[in-house]
Amino acid sequence: MQTVVSGIRPTGKLHLGNYFGAVKNFLMMQENYNSYFFIADIHSLTTHPTPEDLHGSVRQVLAEYLAMGLDPEKCALFIQSDVPEITELYTYMNMNAYLGELERSASFKDKIRTQKNNVNAGLLTYPVLMAVDILIHKADFVPVGKDQEQHLEMTRQFGNRFNRMYDVEFFPEPQAFSFTGELVKVPGLTGQGKMSKSGGAGDAVFFDEDDDVTRKKIMRAKTDAGPQEPNSPHSEEIANLFDLMRLVCEESVVQQYVDAYADCSIRYGDMKKQLAEDMLTLIAPIRERIREVKADDAYLAKAAKIGAEKARESASRTMREVREIIGFKKFY
Ligand code: ADP
Ligand code: TRP
């Protein structure tokens, strides 16, 4: 069976964009691949979280992925810092990663601009750690968005360089996982591109928030002055609302509003009410489950433990060979 690896940055609550853009794909992959999904808590240290914030975000994300259907029996859902083999391989791989190539990474250049006061070495070597996450399980595929393609290219570069240096065929070349069909891009509610937690107040609908909060956000979503004549094209704001409807409403319901727009009888208030109720039908049971899981220390512990065991088994197998290839030989 082929192997996939994907890292999840623990940065707060999950929204509809994360669900349709990432989690749903994971749910599909855990059925068909040898899947490793991990919470990248070591990566997140570059932003210097407090111990409470770090643990709180890891817990939130772990609970949310479990509640959304990731199954510890079907995949390896683990926390990066539970696998010390990762930091070991990171040390070795850093010896063959060069300053020039690391400085050229788009994400590093971006950080130099946006956080001038915290340009730490961990940011510079972020691509090395990410490569290790992937190579340590000898992944065939990595489901990543466009913004991560350069990191994946660097991963292949580091793996190939290791292979050449020691004249082995050890690390396979991981490829971006391409989903059949269109990649989903979930629009935000403020009418400015994709839904994002950093998209400003009211942009994202989170799973772990109360019904009324969700309803209010949707009722305040940006619209326009309404269709001025029959069959006029949809403005960006309205197209976004229809895109959201297509994710959660029945097709016939969406069509009814498309027709109402075309003949100018549409009332945006009704459309938003419909959208809010259908969205809550999807969200409510998942939210209840998130809250149950978050309060269930025993279940969280069990899930994290199973995940760590699976990940360490694979990682330690790789590391035994890596140490030998490099030439670390035991005298005892
Ligand atoms: P955010 O943009 O809120 O910071 P992240 O960058 O943490 O979200 O995204 C985590 C995962 O969710 C990534 O795989 C990303 O591609 C996916 N994702 C985030 N927002 C969306 C969206 N609006 N539509 C589709 N996928 C999304
Ligand atoms: N860099 C990824 C992001 O910002 C997260 C990540 C870390 C990752 N390690 C990974 C993704 C390994 C895929 C594979 O979203």
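Preceding this paragraph is the structure being described.
All of these numbers come straight from a predicted model, not from anything done at the bench.

Conventions used here
- Residues numbered from 1 in each chain as written.
- Chains lettered and ligands numbered in written order.
- Predicted model: local features only at pLDDT ≥ 70, side-chain atom pairs only at ≥ 80, totals over all residues.
- Heavy atoms only, no water.
- Buried < 20%, exposed > 50% of the residue type's maximum accessible area, 1.4 Å probe, protein only.
- Helix = DSSP H or I, 4+ residues; strand = E, 2+ residues; numbered from the N terminus.
- Pairing = 2+ DSSP bridges.
- Right-handed = clockwise from strand over helix to strand, strands pointing away.
- Near = heavy atom within 4 Å.
- Polar contact = N/O pair within 3.5 Å; in protein donor to acceptor, adjacent residues only side chain to side chain.
- Areas by Shrake-Rupley, 256 points an atom, 1.4 Å probe, with all protein chains shown as cover.
- Nonpolar A, V, L, I, M, F, W, Y, C, P; charged D, E, K, R; others polar.

Q: What is the right way to read the pairing of strand β3 (residues 76–79) from this model?
A: Where a strand is regular, its side chains alternate between the two sheet faces. In β3, alternate side chains face the same way, and those of A76 and F78 on one face and L77 and I79 on the other are all buried. Relative to β3, strand β2 (residues 34–39) runs parallel, the two sharing four bridges. Looking at the pairing, F37 lines up with L77 of β3. On the question of chirality, the crossover connecting β2 to the parallel β3 by way of helix α2 (residues 51–67) is right-handed.

Q: Quick question: what am I supposed to make of the site of ligand 2 here?
A: Every residue close to ligand 2 is listed here: S6, G7, R9, F38, H43, Y126, M130, D133, I134, V142 and Q148. Separating a nitrogen atom of ligand 2 from a side-chain N or O atom of Y126 is a distance of 2.7 Å. A distance of 3.0 Å is found between a nitrogen atom of ligand 2 and a side-chain nitrogen or oxygen belonging to Q148. Protein burial of ligand 2: of its 360 Å² of free accessible surface, 91% is covered by the chains. Elements with a contribution of two residues or more to the shell around ligand 2: β1 (3–8) and α7 (126–135). Looking at the shell around ligand 2, the element that brings in the most residues is α7, giving four residues. In the shell around ligand 2, the residues fall into five nonpolar, four polar and two charged.

Q: What is the right way to look at the site of ligand 1 in this model?
A: As a structural note, the neighbourhood of ligand 1 is formed by 13 residues, with H15, N18, V186, M195 and K197 the closest of them. N18 has a polar side-chain atom sitting 3.0 Å from an oxygen atom of ligand 1. Contact between ligand 1 and S196: an oxygen atom at 3.1 Å from a side-chain N or O atom of the residue. Protein contacts shield 74% of the accessible area of ligand 1, which totals 540 Å² for the unbound molecule. Its residues assigned to classes, the shell around ligand 1 comprises four nonpolar, five polar and four charged.

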